[in-house]
Each structure stands twice: as C-alpha cells, then as structure tokens.
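Remarks on the overall topology
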Amino acid sequence: MVNQSNTTSLLKSELLGKWISQRLEIWQLSFISASELGKLAEEHGIKSISSGDYIKKLWQLGLIRADLIESPQKIDSDGINFIEKDDNGVYYYTDSREVSQRQNGWGGAFSTVKPVSFDIKPFFHPFRFYVLYQLDRVLRLHVHPLQTLSSTKKFPKSWEVQFQEFEQWSSTSEFSKLINHWNDVAVLAIATEPCMFSTVFGHFNYSLRSSQEEYFKITKEYWNVLENEIKQIGLSKIEKIWNELCFNSQILDPNKKLHVLLRLTEGDARLKIKGGLGGAIYLLTMAEIIRRSAEKAFGVKLPEEDAAGAGPIASKIKQNLYGSDRILDGDQKVKNQFLRSYRLDYGVRLRWYVEGDTEYYGLYSILGENTAIDFKNLKGEVTSKRGKGASFRDDLRGDLRTNTFTYISIDGDKSENVRVIQKAATDDELCGMFFISKPDFEFQNFTKQELIEIAWKIALENGALDNEKIKLIEAVSNCKSGKEFISSANKSISSLHQLGKGEIWGKRLIEFAWENQEIVIEDKKQTRQIIESVELAIKAINLDDYLATRNNFRVDPKTGKPIIRN
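We now examine the side chain of Ser492. By secondary structure assignment, the location of Ser492 is in helix α20 (residues 482-492). Within the structure, Ser492 has its side chain in polar contact with the backbone oxygen of Ala489 (distance 2.7 Å). Residue contacts for Ser492: discarding those within four places in its chain leaves Lys471, Leu472 and Ala475.

Now the structure itself:
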C-alpha cells in the first residue's frame, strides 16, 4: 500500500518524556489534550480522524504516543513509564510504547479498546499532528467521486477490496515499523523545538515563575544534553527525516513559494493558518526546527525547505535571484528581494538622480505616481563643492545597502560632475545606469527646431502674437545649450519673460518627447535618450532583479550601461 520508510531509531521516547518532565517550562508550544489535538488536525486539513474520542483510542492502541500522561492513580502498563508524583497525589508518566506486528492486521482494532478512566489524561505536543496526517493518509478509503455517476453497485466491492488490502498490509512488520517511525519523527521535532523556536519565530516565551536569565540557563543546559543525542543519530539520518517532512508538506499543499512567503511573517501567526496550507506550514516548521538543530550540532549549512529534493541547481537559482541561497536566515535585504519578486514590497526600488529642475519636473510628471521610483534633484551639485559631493557619494552607497537601483541623468557640459559619476562606477558604487546628456538635457534630446516649437506653444498660451515667432527664432538661432536657449527666449518676446528651466518647461519637454519618441540626427532616426532611460527604469522596477544584476553586472564607467562582471 505504501513504500517502507527509513525505520532506523531516532530519539528514544522515554528520553523525551524525561526531558519534558524536568524542563516543561522551556517548551514553547503548549501540550494539548486529545480533543485539542483533534481540533488542531481538523483545522489543518485532517478531518477524518479529528474526533478527540478517535484520537484517544488511537493513543490506547499505541498508534500515536502521548508526550505526557497525567493520572490520579497508578498506571501499570508496558511502555508507560512513571516519572513522578506531585504534592497533590497526581501521577505523571511518559509514553515509550512501540507498535508490534499484529498477525491478523489492524482492521476493527477499535473494537478491542476498553474504556479508559476519564481521569487519565494524555497530553500531546502539536507536532504529533504529523502522526495523524500519516494515519489519515494510509487509512483513508479511495473512491473516485464520479463513481456515483458510473455505478453505485460497485461501491461495496471497491470497499471490500480495499479492506482486504489493508488487513493484509497492516499485518506486516512494515506497517508497525512505519507507525513507530512516524512517532519517532514527531519525537525528534518535539525535542528540538525549545532550542530552535526563537530562531524560527523570532521570539520566545518564558514562565512567569522564572526569570529570562533562568530560561536561557535551562535552555542552554538542555541543548548540551540534546546536542549529544543529535550527534548520535547522525547527519545523514536527520537529512532523510527533513526531506520526508518537506515532501509530505508538498502533498498537503504544493504551493512552495507561498509557503516561503508565509514563513517570512513575524511571530508564530503562520501556525494559525487553516486547511491543507496550514498543515503544510506545520510540517515545514517541524522540518526547519530539525534542520536548524542539525546545522548547530554539526556546524554545517543545509538547504532551506523549499529546496528539498531540488538539488544544487535550485540553490544557484536562488543565489542569482535573491543574492543568497537562504531566504529565511534573517537577512532583510534577501527577504525584501524575495518579496519584491511577488510585488509585495511597496518601497523604493529605483532612485533617480537628475541634474536640475527641468529634468526633475519632466520625469516626475510621467513617473511621479510610481512609488517604486524616488527622484532626487541634485540642482547641479554633484562634486565636492560646499560638501555636496560627499553627500552624493553617501547617497549612492546608501542605495547599495538598501538594494535600490541607481539611475543618474547629468549634463555633459560640467566635466567635474561627469568625473564624479565615472569614479563612482569605477569604484563599483553603482547598480543601475547613468546617462550623460551632451552638451545638456535639451540639446541631447531635442533639435533646436523642436525646442522652438515647444517654446512657441507656451508663448501662444501666454498671449503671443503670430508675427512674434520670428523674433524667437532669431533670438535663439546661435544657442548651443539649454541655458542659453531659455535666456535668449526670455528676452525675445514678453510672453516668454517668465519662462525658466523649471516645472513648466520640464513638463512640456517630456510631453513632446513622449508623443514623439524618436529624434532625427544626421538623417537617422533614433530613440531619444530620455525615452530610452524611462523605458529602462520601468523595466528595472518591473523585473526587479536587483541582486541578480548586482551579482552579474557592473556599470561601465565609459558608457553608463551594465556590463558583465569579469
């Protein structure tokens, strides 16, 4: 019916029971009753055996072990080990029973269970969910829902065949070994939970009866004991258990990327997720706790749960996409990059430094609504003059720290500014692009005739007369820079006296460029530099492959474009 699992022994149940009785307060997830375990199972996708009465019977049969047993009277039963008797006369026991081979199979086993005293209370760690998941999987009858539309008469025959198969399989040693193995897996996860809970969830709880210092002391002492047991088990066996849990999480819910997203949430809220998805998260939590314990005990680095069974290629892909093959390890930059890949990070992804007001207002008019892009007006201050240069370089380094693409648009008529940008690229302090307008923004992106048409349209809106256009043309005929053009246009006609290299001018230039995206230079059409830069910026924030770009490319100091790293 199922393939035999790795049945090599792990931690002994009596050891776990002893540890729990000695240090109950360090366990972070509360031990719960049979009915509470049933409710947890039902909420996490396991409904067929979720009744507390069923779970108590499963416990009586030994198919699921309790982690602690409370009784007002002595219990005399093989595998039920006495721990202590408290001042109120209550007896405490551990459960180390192992299922033996049952020659006649387990069919109808519930009929052999005798009523147990109501006062005897077994308690279970929530990680025993894994045992219930496996029992549900192997005990479930399989009838296709469309069978009712085909032939209902075949139902009894189908069930009869499945019952016979179960009787035959459950009478084998394979069945008993699997039951014991599943319980052993739960034991290992439960044992390691106190030591790795804070690492996984980012917080911990300690008893009000003791101080935080006492909690740390007890947990450290416990780890020293547990670590030796983990080393006795061996890394190879633990990796197989880890892979088993990851594999079964995929059976419950196959959305691996969603699992990672949910496990990035703060605290243990992920354990409250319902349905099969919540069940998968439970199994992945067990797997992660076991993995981190093994990493600490053996001093190794193992793949994260989403890479289970995927091999080394998956690690390389994660490294390229997110800058690390580990997403859950607490590096916020890596987590943010993963979130960005799903458009779940609404912060700044690209910071665009521009030369002055014209560029700033122009670009902002078409991209300002996009919160992923932040514009910074340098107002011509790129070099170290009045301390601004040092601040600019600090800004660039800040972009690197926050995984923010850097775009820079400057005029080429200030050689000292160009040198600062090229030096930053040489020093590998840029991830993005820079664009140098020669000689400046206006004359790089527009012909003189186009600038005249844009200015004249503004003049007409301000009341210019038709015969005044010739004055504008004559005034700007010898201009070779945007600054000269605006200055000359100001003086040419009264309707342009207020025109400056500011908001209105910048917006009109961008509007014209957006409607006419190509420019003719020496009889050849080409995309305007400003249009190209806008398209590249949009592509950058949409693809949002910052870490892959940073790891594989650097900015060429000569061209300002990305080139492959050597």
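If you trace the backbone, Thr219 turns up in helix α8 (residues 212-233). A sequence separation of 25 residues divides Thr219 from Pro194, and the C-alpha atoms of the two residues are 7.2 Å apart. In this structure, Thr219 is in contact with Ile26, Pro194 and Cys195, ignoring residues within four places of it in sequence.

What follows deals with the packing of aromatic side chains. By the definition in use, this model includes 27 aromatic pairs. Centre to centre, the rings of Tyr91 and Tyr93 are 6.5 Å apart; their planes meet at 25°, and the pair counts as stacked. Take Tyr91 and Tyr93: they sit in the same class, and that class is buried. When the ring of Trp169 is compared with that of Phe175, the centres are 4.9 Å apart and the planes differ by 90°; the resulting orientation is edge-to-face. One exposure class covers both Trp169 and Phe175, and it is buried. Through successive ring pairs, a cluster of aromatic residues spans Trp352, Tyr360, Tyr361, Tyr364, Phe375, Tyr407 and Phe435. The residue whose ring lies beneath Arg102 is Trp106, and the NZ or CZ to ring-centre distance is 4.7 Å. One cation-aromatic arrangement involves Lys296 over Trp223; the distance from NZ or CZ to the ring centre is 4.7 Å.

At the junction of Lys438 and Pro439, the peptide bond is cis and its omega measures out at -5° in the coordinates. Even without being glycine, Asp428 reaches a positive phi, approximately 60°.

Any two side chains of opposite charge can pair, on the condition that their charged atoms come close. The tally for this structure, following the rule as stated, stands at 28 salt bridges. Between Asp184 and Arg65 there is a salt bridge, with its nearest N and O atoms 3.1 Å apart. With Asp184 in helix α7 (residues 173-201) and Arg65 in the loop between α3 (52-61) and β1 (68-71), the pair connects residues that are 119 residues apart, well separated along the chain. By relative accessible area, Arg65 is classed as buried at 1%. Linking Asp67 and Arg128 is a salt bridge whose minimum nitrogen-to-oxygen distance equals 2.6 Å. You can see Asp67 sitting in the loop between α3 and β1 and its partner Arg128 sitting in the loop between β4 (121-123) and α4 (129-139), a full 61 residues away along the chain.

A word on helix α9 (residues 235-252). A rise of 1.5 Å per residue sets the reference length of α9, with its 18 residues, at 26 Å; its end C-alpha atoms lie 26 Å apart and thus fit the reference within 8%. Regarding α9, the residues found buried are Ile238, Ile241, Trp242, Glu244, Leu245, Cys246, Asn248, Ser249 and Leu252. Elements that come into contact with the buried residues of α9 comprise α4, α7, α8, α10 (256-263) and α11 (275-298).

So, about a nonpolar patch on the surface. On the surface, a cluster of nonpolar side chains totalling about 290 Å² of accessible area is made up of Leu141, Trp159 and Phe163. For Trp159, the position within the fold is in helix α6 (residues 154-170).

Pairing in this open sheet of four strands is parallel, and the strands run β6-β5-β7-β8 from one edge to the other. Among the strands making up the open sheet, the edge pair consists of β6 (373-377) and β8 (432-437). Averaged over all pairs of adjacent strands, the angle between their axes in this sheet comes to 15°, without regard to strand direction. Relative to the sheet, helix α14 (residues 357-367) contacts β5 (350-354), β6 and β7 (405-411), its axis offset from that of β6 by approximately 165°.

The rules behind each value
Residues numbered from 1 in each chain as written. Predicted model: local features only at pLDDT ≥ 70, side-chain atom pairs only at ≥ 80, totals over all residues. Heavy atoms only, no water. Helix = DSSP H or I, 4+ residues; strand = E, 2+ residues; numbered from the N terminus. Polar contact = N/O pair within 3.5 Å; in protein donor to acceptor, adjacent residues only side chain to side chain. Contact = heavy atoms within 4.5 Å. Phe/Tyr/Trp six-rings, centres within 6.5 Å; stacked < 30°, edge-to-face > 60°. Buried < 20%, exposed > 50% of the residue type's maximum accessible area, 1.4 Å probe, protein only. Lys NZ or Arg CZ within 6 Å of the ring centre and 35° of its normal. Salt bridge = Lys/Arg side-chain N within 4 Å of Asp/Glu carboxyl O. Expected span 1.5 Å × (residues − 1). Patch = residues over 30% accessible without salt bridge, like charges linked within 9 Å, V, L, I, M, F, W, Y side chains within 5 Å. Areas by Shrake-Rupley, 256 points an atom, 1.4 Å probe, with all protein chains shown as cover. Pairing = 2+ DSSP bridges. Axes fitted to C-alpha atoms, helices over the stretch in contact; angles between N-to-C directions.

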